Amino acid sequence: MRAYVSAARDSFTSNSMSLSRFTQGRLATVKSMKTMFNLSETAPVFLIYPRLQNYSYKIQAQDRESLALGYLIGALESSAVEVNAINAELGDLSNDEVVDLIASFPNTRLIGISAGSEKVFPHVERMCKRLKGNGAEIHITTGGIFATTAYADILEQSTYIDSVCLGEGEHVIVELYQAIANGNRLDGIPGLKFRGQEDSLATTRSRISNLDSLSFPSRRDLTFMVSPEGPGVRKVKIATSRGCYARCSFCSIHEIFGNRLVQRRSVENIIQEIRYIIDRFAINRFSFMDDLFITPSTSGRAWVMSFCQEIVRQKLEIRFWIETRADTLDREIVDALLSAGMDSIFIGIEAGSTGVLKKMQKDVTAAQNLEALHLLRSTPLDPEDIRFGYIMFVPNMSIGELREQYEWIRRSGHCRVQTLQNRMNIYRGTPEYKRLKAAGKLREGPLGVLPSYDFDDPEVGVFERLFRAFHNRCVESVFSAVHDVQIRYISRRHKFSKPPRQFNLMSELLKRIEWIERDHYYRFFDAHFSGAKSEIARIEDATRDDIDELTPMISLLNNLIDQNDGGLPFDIRDEGSGKSSLRTGGLLIEWEDKFRGDDILHSSLQISPVSIR
Ligand code: B12
Ligand code: SF4
């Protein structure tokens with residue numbers, strides 16, 4: 001469901017984040033890591049979910065659970081194969097630390113590394129080189145969406161990688177280990193490609209049709225997350241289906257499955273897993289990772305309705321997030337989802353211009369996108385919990401369509417700074433990759449580097465270049481402090497146990513700060529589209545003036561982030577009837593609290609003199 005796009009901020013890094021968060025302040029000795037990840041001296045298989053350096057700051061630690069590792073561990077364990085696993089992203093370990101750790105496990109015979117994205121591949125390659133550089137005679141295999149799409153190039157160019165698993169890995173990893181352990185040839189393993197393989201002997205593996213037959217994913221990550229060293233849990237990842245029927249031009253998920261069939265677990269099987277998680281971890285918040293939670297067919301809708309009814313009937317009282325498309329939503333299904341506990345949703349809107357939607361093969365109209373948004377806004381969902389994907393810059397759009405894209409997202413009321421910068425990423429195997437390649441418009445770099453392209457309409461290309469340059473200058477001169485505080489917030493959020501009033505204040509400050517930045521980019525778009533390009537220098541000057549408005553908010557936010565005890569660094573005046581206020585650094589902050597007993601149930605907030613947009 002998710003469209004992944006590039007934004008200028010992808011390249012933004014912070015020195016403070018280059019330190020390993022969980023390893024800071026403690027000696028991450030091999031011994032402590034062994035204990036922390038419950039590693040066994042005798043396990044012959046070692047699985048790794050690598051860390052994407054310079055990326056971790058973007059994603060909260062609580063969202064880093066890996067279902068890929070979970071399913072592979074589950075499959076190996078159910079075949080009585082002992083397995084060690086490290087999710088470097090979650091453990092906040094550098095990939096070098098992981099390699100050093102593996103060197104102290106001499107019984108390892110097979111290493112499996114997940115290469116789910118193009119971006120992570122250079123890190124995978126470096127790890128393999130170091131692992132083999134230790135002189136170890138270990139078979140290294142890799143899998144995941146990127147590895148599947150690029151297997152031929154990987155085997156040709158990455159000599160440290162011995163084999164690549166294509167598609168779903170549960171059966172392949174077990175059969176690969178068994179072949180290695182028994183000294184058998186690897187030719188007989190459908191879905192495995194290895195160097196030197198005779199093409200005539202390679203066979204593909206068909207998709208797993210009965211997902212209920214799979215072991216539940218191992219929850220080692222979750223066990224670590226709830227441990228004293230772990231970051232805690234926001235929502236537990238769970239998958240009810242695999243695959244998607246749609247054909248969006250930018251999406252690479254079909255590459256893993258080879259077709260557009262949707263396979264779904266039974267409602268009973270999902271509920272069994274949900275019950276297991278509630279009983280074992282006392283967590284009732286879930287994130288359904290399906291590419292498309294609702295398939296808009298009769299059977300797809302019936303599945304969702306029966307799932308929701310069962311959650312209600314069994315009084316499971318869960319809260320959950322789903323990902324879907326606009327054309328799958330209507331009042332009946334949204335009501336059913338809300339009564340079953342849906343508290344947040346992601347919609348793959350992607351475009352507001354009908355022309356762009358067509359070019360994306362989205363098979364959804366701009367009117368349907370708007371309707372879905374209106375429908376969701378009419379529910380009790382917090383607007384912040386209605387998220388969506390939006391690709392502002394698309395290779396074959398016209399300048400008129402870019403304008404439509406901008407106007408739609410601005411009117412939607414859900415525009416973020418990042419949304420305005422999103423440019424379509426071209427992943428291997430996607431329809432857009434094939435189109436651009438056939439047209440000779442793709443510039444491909446080494447493995448793991450996303451290809452670049454020129455826009456079909458030179459005016460779009462000029463606009464994009466000017467906009468990125470403008471954005472970079474604004475960041476350099478003013479907004480770097482904004483980005484620093486945002487990163488500090490994201491990287492520490494998992495440690496906050498702040499009462500509603502403080503938490504509310506932090507969220508509000510973040511929102512306002514982002515609005516100030518976003519409004520400058522609005523002005524850039526407006527000036528460009530109204531033909532007033534000479535205005536741009538003036539907008540940049542105005543950006544610098546904003547520092548006065550931003551500084552007190554940033555410093556208050558920094559102060560709040562530092563208050564680990566959850567308190568406020570200032571005295572709040574109690575003004576009676578649930579009202580209170582605070583004056584600091586030129587800001588007046590006023591709360592109106594609703595109580596249940598002594599507890600604040602809800603706290604609404606005003607910040608002035610900052611104008612509300
Ligand atoms: C959840 C998710 C995330 C989470 C990951 C959390 C986590 N720790 O797992 C977050 C939000 C962090 C994330 C980040 C990113 N993601 Co992401 N993500 C997904 C998503 C929606 C689901 C992945 C998942 O859990 N699937 C369920 C598991 C069970 O399936 P699986 O991962 O495919 O694993 C199976 C097989 O691939 C195989 N397998 C996988 N690894 C291995 C290893 C071995 C040894 C073997 C044998 C087999 C094997 O066996 C597994 C079981 O069958 C996918 C879309 C999708 N449908 O896959 C995108 C997707 C993988 N992400 C994508 C992208 C681009 C990114 C980012 C680059 C985004 C960004 N802007 O920076 C980053 C990169 C992060 C990274 N480290 O690589 C793209 C990758 C496209 C590409 N070709 O590069 C995808 C395909 C989305 C899309 N449609 O474009 N992502
Ligand atoms: S093809 Fe399916 S999973 Fe991919 S972006 Fe489109 S709707 Fe989402």
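Residues numbered from 1 in each chain as written. Chains lettered and ligands numbered in written order. Predicted model: local features only at pLDDT ≥ 70, side-chain atom pairs only at ≥ 80, totals over all residues. Heavy atoms only, no water.

*Asks:* Before we move on, could you go through the state of the cysteines and cite the residues and values that matter?
*Replies:* Per the counting criterion, the structure on display carries zero disulfides. Lacking any disulfide linkage, cysteine 165 is separated from the closest cysteine sulfur, that of cysteine 128, by 14 Å. The buried category is assigned to cysteine 165, whose relative accessible area is 10%. The thiol sulfur of cysteine 474 is not disulfide-bonded, and the nearest other cysteine sulfur, from cysteine 415, lies at 15 Å. With relative accessibility at 1%, the residue cysteine 474 sits in the buried group. (Disulfide = S-S within 2.5 Å. Buried < 20%, exposed > 50% of the residue type's maximum accessible area, 1.4 Å probe, protein only.)

*Asks:* Outline the environment of alanine 532, supporting the account with residue identities and numerical values.
*Replies:* For alanine 532, the location among the structural elements is in the loop between helix H20 (500-529) and helix H21 (535-545). Sequence separation of alanine 532 and histidine 374 is 158 residues, and the distance between their C-alpha atoms is 33 Å. (Helix = DSSP H or I, 4+ residues; strand = E, 2+ residues; numbered from the N terminus.)

*Asks:* Break down helix H11 (residues 267-281) for me, citing the residues and quoting the values.
*Replies:* Quick reminder: α-helices carry 3.6 residues per turn. Residues three or four places apart thus point the same way. Spanning 15 residues, H11 covers 21 Å between terminal C-alpha atoms, matching the ideal 21 Å at 1.5 Å per step. Listed in full, the buried residues belonging to H11 are Val267, Asn269, Ile270, Ile271, Glu273, Ile274, Ile277 and Phe281. Tucked inside the fold, the buried residues of H11 contact helix H9 (220-226), strand S8 (236-238), strand S11 (285-288) and helix H12 (298-313). One or two positions beyond H11, positive phi appears at alanine 282, with a value near 55°. (Expected span 1.5 Å × (residues − 1). Contact = heavy atoms within 4.5 Å.)

*Asks:* Can you tell me about the sheet that holds S11, naming the residues and giving the values?
*Replies:* On the basis of which strands lie adjacent, the open sheet formed by five strands has the order S8-S11-S12-S13-S14 and parallel pairing. The open sheet is flanked by S8 and strand S14 (386-390), the only strands paired with a single partner. The average angle at which neighbouring strand axes cross in this sheet is 20°, direction not considered. Where S8 and S11 come together, three bridges link them in parallel fashion. Paired with isoleucine 238 across the bridge in S11 is phenylalanine 288. (Pairing = 2+ DSSP bridges. Axes fitted to C-alpha atoms, helices over the stretch in contact; angles between N-to-C directions.)

Take it as geometry only, folks, not as evidence of what the structure does.
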